[in-house]
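Take a look at the letters that make up each chain.
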Amino acid sequence: MCGIVGYIGHREAYPIIIKGLQRLEYRGYDSAGIALYDGESIKLSKTKGKVADLKEKLENEISTSGTLGIGHTRWATHGVPNDVNSHPHYSNSGDLVIIHNGIIENYDSLKKELINRGYTFKSDTDTEVLINLIEDVKKNENLKLGKAVQIALNQVVGAYAIAVFDKNKPNEIVVAKLGSPLAIGIGEDEYFIASDASPFIEFTKNAIYLEDEQMAILRRGKDIKIRKIKTDALVDPYMQELQLNLEQIEKGGYDHFMLKEIYEQPSAILDTFRGRLLSNEAVIKLAGVEDNMKKFLAADRIIVVACGTSWHAGLVAEYIFEDLARIPVEVEYASEFRYRNPVITEKDIVIAISQSGETADTLAAIKLAKSKGAFVFGVCNVVGSSIARESDAGAYTHAGPEIGVASTKAFTTQITVLTLMALRLARAKGTMSSSEFRHHLIELETIPGKVEEALQSDAYVKTVADIYKDSKNCLYLGRGFNFPVALEGALKLKEISYIHAEGYPAAEMKHGPIALIDEQMPIIVIATKKGHYEKVVSNIQEIKSRKGRIIGIVTKGDVSVKELADHVIEVPETIECLTPLLTTIPLQLLSYHIAVMLNKNVDQPRNLAKSVTVE
Ligand code: F6R
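Per-chain numbering applies: the sequence of each chain, read as written, is numbered from 1 onward. Local features are withheld for residues below a pLDDT of 70 in this predicted model, meaning they are given only at 70 or higher, and side-chain atom pairs are given and counted only at 80 or more; totals for whole chains, interfaces and linings count all residues. Hydrogen atoms and water are omitted, and side-chain values are computed over all heavy atoms in the structure.

**Structural notes on the domain arrangement of the protein**
We apply this condition: Each domain's extent was defined by an automatic or database domain assignment.
By the assigned domains, the protein splits into domain 1 (3–248), domain 2 (251–432) and domain 3 (455–603). Spacing between the C-alpha centres of domain 1 and domain 3 amounts to 45 Å.

Next comes the structure, spelled out in structure tokens:
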């Protein structure tokens, strides 16, 4: 987590850095800071709070001129969020200054050694240890900054994306990466540094993504030099042309990114299957699957590893793969899987699902699976992300940037990719007839339009939100393909409105949660026509007899649930395995409106961050 930004060139660094930090705030937002070199000295300002708080403080506190600078927005790991623990951090001499995203795991032993050598520390952070280690190496061996950074990093265990500069050499910034992302924008006689490309998208389309264990020296007016940290070998820079544009990362008239992203789902799902789903020819083209078809067909089972919302998408995939392609699927929390000594063989396929492609636990889980010989397939949104690169093959979701911390379009596009995979494998395995296959393709093609229709319930969902916004607890129930949607609905509500919510398989309710039901308890039940409709209706009756307040998510034209429920929200009809793509929509809207009505920060809920790059 944490976002880092830097600039060296001919422009004023401050506006680039402050705007860049605002764009990266989704990565962490409990404190922020900037260090600028104004031609004579380093001007540093930092504060607990948001980037807006920093901006207000800083503009009264320091001069903002200078063409070299670094900035940071923090999600605290070592040390509480306060001014002192905020980045950037100085070295003891005050000559060096650093920003850091990641964790230095052996910081404690390094700190003790440095204290023995006379160093003092102001903060509780691992980062201040790192900058003093760099200073120590630099001083003792009389080295240039780049070399000192390299030697110091070779003593470090952990993860980092760092940027460091020296006030005595204000013509260069040294950056390095292991485990946390670092993009370098290449302009005319200028370099931009950031955790992703969004801070520099209006300045250059040319970017280099540093690989793990690489460092780069960015010198004013000189070509970039990239080296391997361990071996010192020079690396040829691989420049990419960015596809991102400014509109994609702005709110475009919506009050929040989350709402924009909810409304983007019809086009995001379309982008996910564009060029891959060819219903006229009854073909699905997914290069990552096609190129590895033998492996998929020989696989004993699929293991899905993911976290949070992506884990919920994995659970939907379990139902879809098993139902359509008859391949056994296990869905694992990456954080548990990686430490469980799991039984994995070369005949397993591991599918890693991750919007950011940077989630530390998911990344570690696939490294483990690979080391045991499994074939790893990544389903990521962020192109070139660590999980995408670490996977043997994969399929991007093409959802476009997701900035709201609560995942919305990432979920539905992940399900879309996973459905395409399951369908392709079902056809290859012969577990589906050609007419069934064609029918599924045609139906999948109608989903963007049906999502659009589901979005039309927005105004009604808002009135429902108004009725239930003051609830203390909330229960979400679903069965079959819609059980994971119930989990996802509950997660959305709790993470942005801080209302306690639980998702359950509807029938499981009588084994415990039914005890919670009283007149105060809203229960959202997904009761679409296909699947276990009658059984869910019976579950609704059980709730009704205990006076629970029922909000039914039903298929358009439903009659039975309408008679029992306090409110019903309709979604268009579709085949059963595709219903999660529609039933999710009103649940996202419900959480959104409740959170807005409760005056919560929808895009940046407390304690969370968009990419969880720490375990
Ligand atoms: C919830 C949410 C998180 C993420 C989780 C995994 O709305 O966004 O639960 O789904 O942190 O993140 P990725 O998909 O980036 O691996």
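**Here we look at the sheet that holds strand β1 (residues 3–8)**
Condition: DSSP-based pairing: two strands are paired if at least 2 bridges between them are found. Numbered from the N terminus, helices here are DSSP runs of H or I no shorter than four residues, and strands are runs of E no shorter than two. By definition in these notes, contact holds between two residues if any of their heavy atoms fall within 4.5 Å. Here an angle of 0 to 180 degrees is reported between the N-to-C directions of two axes, which are lines fitted to C-alpha atoms, with helices fitted over the stretch in contact.
Here we have 8 strands laid out as an open sheet, ordered β3-β2-β4-β1-β10-β9-β11-β15, and antiparallel in their pairing. The sheet terminates laterally at β3 (42–48) and β15 (240–241), the two strands that pair on one side only. The pairing of strand β11 (residues 206–209) with β15 spans 2 bridges and is classified as antiparallel. Bridge pairing in β15 places Ala207 opposite Gln240. Packing of helix α2 (residues 51–61) onto the sheet brings it into contact with β2 (31–37), β3 and β4 (68–74), and relative to β3 it is tilted by some 140 degrees.

**Concerning the pairing of strand β25 (residues 522–527)**
Inclusion rule: The buried label goes to any residue with under 20% of its type's maximum accessible area, the exposed label to any with over 50%, and the partly exposed label to all in between, with areas taken from a 1.4 Å probe on protein chains only.
The element β25 is extensively covered by neighbouring structure, given that 6 of its 6 residues are classed as buried. Of the two faces of β25, the one holding Pro522, Ile524 and Ile526 and the one holding Ile523, Val525 and Ala527 are both buried throughout. As defined by bridge partners, strand β23 (residues 473–478) adjoins β25 across 3 bridges and the pair is classed as parallel. Among the inter-strand pairings, Tyr476 is bridged to a residue of β25, identified as Ile524. Pairing of β25 with strand β26 (residues 549–555), which is carried by 6 bridges, proceeds in the parallel orientation.

**What to know about the UniProt feature "domain: SIS" (unreviewed entry) in the protein**
How we decide: UniProt positions are given in the numbering used here, feature names are shortened, and annotations may be inferred rather than shown by experiment.
What UniProt calls "domain: SIS" (unreviewed entry) maps, in this numbering, to residues 292–431 and 464–605. Here residues 292–431 is 47% helix and 20% strand, with 19 Å between the C-alpha atoms at its ends. Counting secondary structure, residues 464–605 comes out at 39% helix and 21% strand; the distance between its end C-alpha atoms is 22 Å.

**What to know about the side chain of Thr412**
Mapped onto the fold, Thr412 is located in helix α14 (residues 409–429). Owing to a relative accessible area of 0%, Thr412 belongs among the buried residues under this scheme. Ignoring sequence-local partners within four residues, the contact set of Thr412 consists of Gln265, Ile269, Leu581 and Thr584.

**As for the site of the ligand**
For the record, the criterion: Residues are labelled near a given molecule or strand when at least one of their non-hydrogen atoms is within 4 Å of it. Counted as a polar contact is a pair of N or O atoms within 3.5 Å, where, for protein atoms, one must be capable of donating a hydrogen and the other of accepting one, and residues adjacent in sequence contribute only when both atoms are in side chains. To measure how exposed things are, a 1.4 Å probe is used in the Shrake-Rupley method; for residues, cover is taken only from the protein chains shown. Amino acid classes used here: Ala, Val, Leu, Ile, Met, Phe, Trp, Tyr, Cys and Pro are nonpolar; Asp, Glu, Lys and Arg are charged; the rest, including Gly, are polar.
Not every one of the 15 residues close to the ligand is listed here, only the nearest: Ser310, Ser354, Ser356, Thr359 and Glu495. Within the side chain of Thr359, an N or O atom sits 2.4 Å from an oxygen atom of the ligand. Within the side chain of Glu495, a nitrogen or oxygen atom sits 2.6 Å from an oxygen atom of the ligand. In isolation the ligand exposes 410 Å². Once the protein is present, 91% of that is buried. Only α10 (308–325) and α17 (483–497) provide two or more residues apiece to the shell around the ligand. For the shell around the ligand, the class distribution of residues is 5 nonpolar, 8 polar and 2 charged. Among the domains, domain 2 (251–432) and domain 3 (455–603) are the pair contributing at least three residues each to the shell around the ligand.

**Looking at unusual backbone geometry**
Glycine aside, residues mostly have negative phi, and peptide bonds are mostly found in the trans state. Here the amide bond leading from His87 into Pro88 is cis, since omega sits at 0 degrees, within 30 degrees of zero. Looking at the element boundaries, Pro88 is found in the loop between β4 and β5 (89–90). A positive phi angle, near 60 degrees, is found at Glu213, a position not held by glycine. For Glu213, the position within the fold is in the loop between β11 and β12 (214–219). For Glu213, a relative accessible area of 31% corresponds to the partly exposed category.

**Let's talk about the sheet that holds strand β14 (residues 234–235)**
Pairing in this open sheet of 7 strands is antiparallel, and the strands run β5-β6-β7-β8-β12-β13-β14 from one edge to the other. Sheet topology places β5 and β14 at the edges, where each strand pairs with a single neighbour. With 2 bridges joining them, β5 and strand β6 (residues 96–104) adopt antiparallel strand pairing. If you follow His89 over to β6, its bridge partner there is Ile98. Contacts from helix α5 (residues 145–153) reach β6, β7 (158–166), β8 (172–178), β12 and β13 (225–228), with the element oriented near 160 degrees to β7.

**Examining the nonpolar core**
How we decide: Among buried residues, the Ala, Val, Leu, Ile, Met, Phe, Trp, Tyr and Cys ones that are joined through side-chain atoms within 4.5 Å form a nonpolar core.
In this structure, Phe321, Ile351, Phe377, Met421, Leu444 and Tyr476 are the most contacted members of the largest nonpolar core, which totals 89 residues. A domain-level breakdown of this core finds at least three residues from each of domain 2 (251–432) and domain 3 (455–603). In contact with Leu444, not counting residues within four places along its chain, are Phe273, Leu277, Thr419, Leu420, Leu423, Leu578 and Leu581.

**Points about the environment of Ser457**
Among the structural elements, Ser457 can be located in the loop between α15 (434–455) and α16 (458–468). Separated by 16 residues in sequence, Ser457 and Asn473 place their C-alpha atoms 23 Å apart. Sequence-distant contacts of Ser457, that is, excluding residues within four places in its chain, are made with Ile569 and Leu589. At a separation of 2.8 Å, a polar atom in the side chain of Ser457 contacts the main-chain carbonyl oxygen of Ala454.

**Observations concerning helix α1 (residues 13–23)**
By the criterion of burial, α1 is predominantly enclosed, with 8 of the 11 residues buried. Against β1, β2, α2, β4 and β10 (190–194) lie the buried residues of α1.

**Points about the pattern of salt bridges**
Heads up, the condition is: Salt bridge, as used here, is a side-chain nitrogen of Lys or Arg placed within 4 Å of a carboxyl oxygen of Asp or Glu.
Per the counting criterion, the structure on display carries 32 salt bridges. Two residues, Asp271 and Arg274, come together in a salt bridge whose shortest N-O distance is 2.6 Å. Look at Asp271 and you get partly exposed, because its relative accessible area is 31%. Linking Asp348 and Arg301 is a salt bridge whose minimum nitrogen-to-oxygen distance equals 2.7 Å. Of the two residues, Asp348 is situated in strand β20 (residues 348–354) and Arg301 in strand β18 (residues 301–306); the sequence distance between them amounts to 47 residues. Neither residue differs from the other here; Asp348 and Arg301 are each classed as buried. Here the salt bridges share partners, and the residues they tie into one network are Lys19, Arg23 and Glu202.

**Points about the packing of helix α7 (residues 265–273) against α14**
Helix-helix packing: each pair is described by the crossing angle between the helix axes and the interaxial distance. What counts is decided by this rule: Here the angle decides the label: under 35 degrees means roughly parallel, over 145 means roughly antiparallel, 65 to 115 means roughly perpendicular, and every other value means oblique. Note: crossing handedness is left-handed where the near helix turns anticlockwise from the far helix by less than a right angle, and right-handed where it turns clockwise.
Two elements in contact, α7 and α14, have axes whose closest approach is 9 Å; the angle formed by their N-to-C orientations is 30 degrees. Comparing their axes, α14 and α7 come out roughly parallel. Crossing hand, α7 versus α14: right-handed. Residue-level inspection shows Gln265, Ala268, Ile269, Thr272 and Phe273 of α7 in contact with α14, the latter providing Lys409, Thr412, Thr413, Thr416, Val417 and Leu420. Classifying every residue of the contact of α7 with α14 by side-chain character gives 5 nonpolar, 5 polar and 1 charged.

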